[in-house]
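Letter by letter, the chains look like this.
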Amino acid sequence: MARVRTVFRCSECGATEPKWTGRCGSCEAWGTLSEEVDGPAGGGLEVTVSTTPPVPIAEVDPTEFSPRLTGVGELDRVLGGGLVPGSVTLLGGEPGIGKSTVLLQAASEVASSGRKVLYLSGEESPQQIRLRAERLGALRPRLWLAAETAIPQVIAAIDHVQPDLVVVDSIQTTVDPDLSSAPGSVGQVRACSHRLVQEAKRRGCPIVLVGHVTKDGSLAGPRVLEHVVDTVLAFEGDRHHALRLLRVVKHRFGSTQELGLFEMTESGLRGVPDPSGLFLADRRVGIPGSVVVPTIEGHRPLLVELQVLVAGSNLPSPRRSATGIDTGRLSLLLAVLEQRVGVRTSAVDVYALAVGGVKVVEPGVDLALGLAVVSSLSGWPVPGDVVACGEVGLGGELRQVAHTPRRLSEAARLGFRKAVVPVSAPDAPDGIEVIRVATLAEAVERLGIGVDRPPAPIGGLR
Ligand code: TYD
Ligand code: MG
């Protein structure tokens, strides 16, 4: 078979080069060339020609694309009721986080509901997948496996099985044999995903693509992918902890506010109905530097313990280490503490941690983090029944954050009795008393954890 001619097209200006170069000869942008089949702009991909005439909006049948449950509760919650026929969903996440596991479980649930599922894997052999399925109790007669990675064979496999759901694990191992670039390159990923999107739309069959992410947390190669697919899900978590978070980054058919929570167990992923309880299970009260913050993830309130440890440093620029907390916010808070509260941290190393492998990036954690730093420095613990939430401004002032009542209700439900909140916060729900403060300095004073108080019995660093 004659090889199809390919060119390298610049993603900035659309100019083509016959060979790959680091810099586009036309617009001189660096690193923007990727390979595609030679043809008209658009990559020479078949353009699907719509044969349906325009219809008045009110005559469009909305039920045609209603989602169908997968049977994995947390996944269905995040998708707003399941997968929409003909849709393409991208599941991104770091290697080893559990993408294949959750999709195999979903595939098995769908297959046990009488639908056919085709699981295509370029990462593992059918034998390996079968062994895993046995462990997960996911062996189903209607679940089909294939180890195909080339697009023509993938499509042939779909033709053979005629499935109601296709899982492609992963888009980075899928190749279009017409392109000479390596699997996983931008050109390959783009061409393959375009083909799969066309197949999904043509057959009305949902396809789920697995995508690996790079170290900085973005999907590898394919920013392009995010535009092509209907839904982008991100699977997150710390590999050393059991908790996994499933977030919606983009969703054409519903809200992006939902959050799914799973626990990785011996027998696969299990939904977590009470996440806050899980995070706080091993907490010990009375330790300086520990503060609980009620955060909101999507629509779900989560109580997370923040811990800070300060230690004398002899480094010229002392260490600031943050795990599960944004390093930039930690530095900003240390600057605010120094300038507005009079708490100096320039001679100490600061280690900050969100317990349980969870990432908290919202501004509502500022107050708790600031209090944890002061408490660790002074040695005075924040009382065990206190939570704190609020955003800290550069002037040391506190600002209210969204959904404060929901956060406080969750705190009350888990037995917390007091909440330190900004002055403007709404009234507290039953069972919890609010301590309204205007500034971070006032919060420190009201809790009696300041560094100007005589040293605590356990002692801290001044
Ligand atoms: P996997 O789904 O292969 O991750 P990904 O596809 O995102 O790369 O999950 C791999 C990890 O999950 C692996 O380290 C083992 C663990 N695991 C369990 O703890 N329990 C299980 O039942 C399964 C199937 C995997
Ligand atoms: Mg995998």
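Analysis parameters
- Residues numbered from 1 in each chain as written.
- Chains lettered and ligands numbered in written order.
- Predicted model: local features only at pLDDT ≥ 70, side-chain atom pairs only at ≥ 80, totals over all residues.
- Heavy atoms only, no water.
- Core = buried A, V, L, I, M, F, W, Y, C linked by side-chain atoms within 4.5 Å.
- Buried < 20%, exposed > 50% of the residue type's maximum accessible area, 1.4 Å probe, protein only.
- Helix = DSSP H or I, 4+ residues; strand = E, 2+ residues; numbered from the N terminus.
- Contact = heavy atoms within 4.5 Å.
- Expected span 1.5 Å × (residues − 1).
- Pairing = 2+ DSSP bridges.
- Near = heavy atom within 4 Å.
- Polar contact = N/O pair within 3.5 Å; in protein donor to acceptor, adjacent residues only side chain to side chain.
- Areas by Shrake-Rupley, 256 points an atom, 1.4 Å probe, with all protein chains shown as cover.
- Nonpolar A, V, L, I, M, F, W, Y, C, P; charged D, E, K, R; others polar.

**Q** Is there a simple way to explain the nonpolar core in this structure?
**A** The tendency in soluble globular proteins is for nonpolar side chains to be buried as a group. Core analysis: the largest hydrophobic core is formed by 52 residues, its most contacted members being Val304, Leu306, Leu367, Leu371 and Val420. Top contributing element to this core by residue count: helix α9 (residues 366–378), with 8 residues. Once residues lying within four places of it in the same chain are set aside, the contact partners of Val304 are Phe279, Val291, Val292, Val293, Thr295, Ala354, Val355, Val358 and Val360. Within the second largest apolar cluster, 31 residues are counted, among which are Val117, Val208, Phe235 and Phe262.

**Q** In this structure, what is going on with helix α5 (residues 186–203)? I would like to understand it.
**A** An α-helix turns once every 3.6 residues. As a result, residues three or four positions apart point the same way. With 18 residues, α5 extends 26 Å from end C-alpha to end C-alpha; this agrees with the ideal 26 Å at 1.5 Å per step. Of all the residues in α5, the buried ones are Gly187, Gln188, Val189, Arg190, Ala191, Cys192, Ser193, Leu196, Val197, Gln198, Glu199 and Ala200. Positive backbone phi, at 65°, marks Gly204, one or two positions downstream of α5.

**Q** Can you help me understand the sheet that holds strand β3 (residues 33–37) in this one?
**A** Hydrogen bonds along the backbone pair up the strands of a sheet, which may run parallel or antiparallel. Taken together, 3 strands build an open sheet; the order of strands is β2-β1-β3 and the sheet is antiparallel. The open sheet terminates on both sides in strands that have one partner only, identified here as β2 (16–17) and β3. Sheet topology places strand β1 (residues 6–10) next to β2; 2 bridges connect them, and they run antiparallel. What sits directly across from Phe8, in β2, is Glu17.

**Q** What is the right way to look at the site of ligand 1 in this model?
**A** Ligand 1 sits among 16 residues. The nearest are Gly96, Ser100, Thr101, Thr265 and Gly268. Measuring from an oxygen atom of ligand 1, one finds a backbone N or O atom of Ile97 at 3.3 Å. At 2.5 Å, a side-chain N or O of Thr101 approaches an oxygen atom of ligand 1. Against a free-state accessible area of 550 Å², the protein chains account for coverage of 74% of ligand 1. The class makeup of the residues in the shell around ligand 1 is 4 nonpolar, 7 polar and 5 charged.

**Q** Looking at this model, I keep getting lost on helix α8 (residues 327–341). Mind explaining?
**A** Taking 1.5 Å per residue, 15 residues should reach 21 Å; α8 reaches 20 Å between its end C-alpha atoms and fits that length. Taken together, the buried residues of α8 touch β15 (320–323), β16 (348–354), α9, β18 (391–392) and α11 (440–447). Looking one or two residues past α8, Gly342 carries a phi angle of roughly 75°, positive in sign.

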